[in-house]
Amino acid sequence: MNLPVEVIEAVREGRCAIFVGSRFAAEAVELAGDVPLDGRALAKALGWKPPRPLPGRSRGPVTPSVQAAAAEYEARDGRSAMEARLEELVGIQDHSPTPAHDVVVARFGRVFTTSWDTLLEKAAANAGRACRVVARSEPIPDAEGDELILVRMRGAFGKSVCVTDGDHLASPMTDEERKKLRSFIRKNVVLFVGYRPDEEEFEVLFEELTAAYGGELPRCHLAVAQGRIDDYQWQRWVWRGLLLFTADPTECMKVLEEQLNAC
């Protein structure tokens, strides 16, 4: 794996904006003896069914949608039941942080995440580092001293979890949040870790960041998790200014730490 020099230097200089996705927790889930659910599997476990094709038309490939499945579950069984089922499927209770979580906690002052697990908070507690969790639509504060600011882009269980389209519409970013996020992206090198560009979680995040930025994002880096992607997806995202390289979160953070310690 060739970790971009631009990313290494940005982390060393404290000017790298990191976004952590749900796939960052895959190794922790596996170490606990469980099977990690990617976005497609999670959608299907929530009861997602592909939409019926229009009369006279064939249906092409459809990406399973967690947002759509959760909305249907909520409409059928209620909000509390949907959140309880989602939390059960994500399985955050018995997992422990990995060395990759430890690197994030040690090397970054502000972390944005779309995951619903609490592994970064646990890693911060293990390291004795204060961690301030910022829920979706709350003002993004500046750090006080050495504290870690953890911005939960999709909320958290028990505190404004954001999963359906309706949730996103009900808790949009304020103008002040957009301004602060836009300034942060402009001043820093953006690194996405724990995502795949062919999944809904990343699509929604990227569109939200683009809207907050007020146009196409500046050049960003994506460590593509859990395997290669096809040429169509690769070209599609390169065209949007995203530089992709294949690296699972553990591998990416291990190499980053090695490179930082080498100098």
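Figured I'd write up the structure that's included with this text. (Residues numbered from 1 in each chain as written. Predicted model: local features only at pLDDT ≥ 70, side-chain atom pairs only at ≥ 80, totals over all residues. Heavy atoms only, no water.)

The subject of this paragraph is the overall build of the chain. The number of helices and strands found in the chain is twelve helices and seven strands. With the principal axes as the frame, the chain shows a C-alpha extent of 60 × 40 × 40 Å. Counting all 263 residues of the chain, 48% fall into the buried class. Taking as baseline every contact in the chain between residues at least 6 positions apart, the subset at least 24 positions apart corresponds to 70%. With an accessible surface of roughly 12800 Å², the chain has 51% of that area assigned to carbon and sulfur atoms. (Helix = DSSP H or I, 4+ residues; strand = E, 2+ residues; numbered from the N terminus. Buried < 20%, exposed > 50% of the residue type's maximum accessible area, 1.4 Å probe, protein only. Contact = heavy atoms within 4.5 Å. Areas by Shrake-Rupley, 256 points an atom, 1.4 Å probe, with all protein chains shown as cover.)

Membership of the largest hydrophobic core comes to 31 residues, with the highest contact counts inside it found for Ile18, Val111 and Met253. Secondary-structure elements contributing two or more residues to this core are α1 (5–12), β1 (16–20), α6 (99–107), α7 (119–127), β4 (148–152), β5 (189–195) and α12 (249–261). Every residue in contact with Met253, bar those within four places of it in the chain, is listed here: Ile18, Phe24, Ala100, Val103, Val104, Leu191 and Val193. By size, the runner-up hydrophobic cluster in this structure holds 29 residues, among which are Val151, Ile185, Phe202 and Leu217. (Core = buried A, V, L, I, M, F, W, Y, C linked by side-chain atoms within 4.5 Å.)

Our next topic: α1. Within α1, burial applies to Val7, Ile8, Ala10 and Val11. Taken around the axis of α1, the buried residues stretch over an arc of 165 degrees, which confines them to a single face. At the C-terminal side of α1, Gly14 shows a positive phi close to 70 degrees. (Arc of directions from axis to C-beta.)

The subject of this paragraph is the packing of α6 against α7. Their axes nearest at 9 Å, the elements α6 and α7 cross at an angle of 70 degrees. In this view, α6 runs roughly perpendicular relative to α7, as classed from their interaxial angle. For α6 against α7, the interelement crossing comes out right-handed. Across the interface between the two elements, His101, Asp102, Val104 and Val105 from α6 touch Leu119, Leu120, Ala123, Ala124 and Ala127 from α7. Among the residues making up the contact of α6 with α7, the classes are represented as seven nonpolar, one polar and one charged. (Axes fitted to C-alpha atoms, helices over the stretch in contact; angles between N-to-C directions. Parallel < 35°, antiparallel > 145°, perpendicular 65-115°, else oblique. Left-handed = near helix turned anticlockwise from the far one by under 90°. Nonpolar A, V, L, I, M, F, W, Y, C, P; charged D, E, K, R; others polar.)

Turning our attention to the side chain of Ser65. By secondary structure assignment, the location of Ser65 is in the loop between α3 (39–45) and α4 (66–77). In this structure the side chain of Ser65 is engaged in a polar contact, spanning 2.6 Å, whose partner is the side chain of Glu200. Among all residues touching Ser65, those that are not within four sequence positions of it are Ala43, Trp48 and Glu200. (Polar contact = N/O pair within 3.5 Å; in protein donor to acceptor, adjacent residues only side chain to side chain.)

A separate point is the sheet that holds strand β6 (residues 220–224). Strand pairing in a sheet relies on backbone hydrogen bonds. The paired strands run either parallel or antiparallel. In space, the seven strands of this open sheet follow the order β3-β4-β2-β1-β5-β6-β7, with parallel pairing throughout. Unpaired on one side and paired on the other, β3 (131–134) and β7 (242–246) mark the two borders of the sheet. Within this sheet the neighbouring strands show an average axis-to-axis angle of 20 degrees, counted without direction. Sheet analysis places β5 next to β6, joined by five bridges and oriented parallel. Bridging across to β6, Tyr195 finds its partner in Val224. Lying over the sheet, α7 contacts β1, β2 (110–113), β3 and β4, oriented at roughly 170 degrees with respect to β4. α12 rests against β1, β5, β6 and β7 of the sheet, and its axis sits at about 140 degrees to β5. (Pairing = 2+ DSSP bridges.)

Examined bridge by bridge, β6 and β7 share five bridges and lie parallel to one another. From the neighbouring strand, Leu222 faces β7, where its bridge partner is Leu244. The β-α-β motif built from β6, the intervening helix α11 (residues 231–239) and the parallel element β7 has right-handed crossover chirality. (Right-handed = clockwise from strand over helix to strand, strands pointing away.)

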